[in-house]
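# Fold and contact review
Spelled out from the first residue to the last, the chains are:
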Amino acid sequence: MNCEAFKDWLAESRARTLEQSPAASAHVESCGSCRQTADEEQVWRHLFGLIPEHSRGPSLWSGVTLAIQERQHRKLSLSDALLLFSRRLAPAFVVLLMITGGWFLWSSPRIEAEGGSMIAMLETSSSGFMEEPDAILVAWAEAGRQ
Amino acid sequence: MTVTLPYPAKLEDTERDLVRQVREGDSDAYRLLVESHQTRIHRLVARLLGVDHGAIDDVVQDVFVRAYFSLDKFRQDAQFGTWITRIAINRARDELKKQSGRVPFDEEFGEGALGKLQASIGIDTADEEQPEETHNLAGRLVTRAVAELPERFRITIMLKDIEGYSYQEVSEILKCSLGTVKSRHARGRAKLKQLLSPYLDQLVRR
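All values derive from a computational prediction rather than experimental measurement.

To continue, consider the overall build of chain B. The helix and strand tally for chain B stands at 10 helices and zero strands. Start at the N end of chain B and walk to the C end: the helices and strands fall as α-α-α-α-α-α-α-α-α-α. Expressed as a percentage of the 206 residues in chain B, the buried residues total 33%. Across chain B, every contact between residues at least 6 apart in sequence was considered, and the portion connecting residues at least 24 apart equals 62%.

Okay, here's the thing in structure tokens:
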């Protein structure tokens, strides 16, 4: 056992003592540094051993099961409320959908009419624009002849 | 060589089965899980909050209730004990944040801390005449010194040195690297040594 392996062995569990491992004991006999580490570890274990054991807590199961049931009931109540709400809300949603749909259908032709006028406007402006290249070409041809 | 670990390997398979049964709706299985971990979790929460804290039982109960409703999120590659210990630490942290007027654990202790420590546990040389009383005082002194550590060191020291987890288990509980755990442990012990140094001779002689 080398120093690193000894330190790992010692740190692995507080229940470990040198008496439990001949290899660890042999290493400590030949290594002053690890002897010191082992002695320090003993001091720490002693100090932590002074901390009083906390008394066993009460049986929690009855409290835990009540709290779980209460929370489950609360969850259930919430889902019931959502169900009831959605049932009452469903007709209202259908009515709203019909109103919205009706309004959309009613307003669609007006959009088309407005679109038509816009197309007419585009056509007018584009035809005006198309006249211009012709005029340029005519002028260019005439200039060529001259 | 017999090695006592806080979490015997043979429990793992049993607990996996119990968790599966709880997920299938068996409340008796959860009762077994609660009863096998409640003492350890109660002790840990009491040490994190302080044994005089009035809400220990409520916090521990809440830990098991939270765990029950989060069981779907529990991955079977971890141990149930590791997972519930993490929930307990987080819940205790939340509880500590709620408190006002308590000395913050993250605050580094200053020069007057030793005096405060001595005054707070009421060390009196006359008590040394009474072994039982002095033993209690020594225990309270070490407990209080651990409580004075910054939170990251305190939790590591508690899990490793007081609860007896291995470095690997502490790293799994705290979800941090093995190197970080070892570093926090060493630094925590160094601070503890500094804090206890005036009393070390007396404590070691006990």
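Now, onward.
Here we come to the environment of Gln61(B). Topologically, Gln61(B) is positioned in helix 3 (residues 56–69). When the 24 C-beta atoms within 10 Å are taken as the criterion, Gln61(B) is described as buried. When residues no more than four places from it in sequence are discounted, the contact partners of Gln61(B) are Leu60(A), Gly63(A), Val64(A) and Ala67(A).

The next thing to look at is the interface of chain B and chain A. If you look at the interface, chain B gives 35 residues, while chain A gives 28 residues. The set of elements that each furnish at least two residues to the side of chain B that touches chain A consists of helix 2 (27–49), helix 3, helix 6 (131–147), helix 7 (151–162) and helix 10 (200–205) of chain B. When residues of the side of chain B that touches chain A are assigned to their parent elements, the largest contribution, 10 residues, is made by helix 2 of chain B. For the side of chain B that touches chain A, the residue count by class is 17 nonpolar, 10 polar and eight charged.

The next point concerns helix 4 (residues 80–98) of chain B. Between its first and last C-alpha atoms helix 4 of chain B spans 27 Å; for 19 residues at 1.5 Å apiece the expected length is 27 Å, and the two agree. Burial in helix 4 of chain B covers these residues: Phe80(B), Gly81(B), Trp83(B), Ile84(B), Thr85(B), Ala88(B), Ile89(B), Arg91(B) and Ala92(B).

Rules behind the numbers
- Residues numbered from 1 in each chain as written.
- Chains lettered and ligands numbered in written order.
- Predicted model: local features only at pLDDT ≥ 70, side-chain atom pairs only at ≥ 80, totals over all residues.
- Helix = DSSP H or I, 4+ residues; strand = E, 2+ residues; numbered from the N terminus.
- Buried ≥ 20, exposed ≤ 12 C-beta atoms within 10 Å, placed from the backbone.
- Contact = placed C-beta atoms within 7 Å.
- Nonpolar A, V, L, I, M, F, W, Y, C, P; charged D, E, K, R; others polar.
- Expected span 1.5 Å × (residues − 1).

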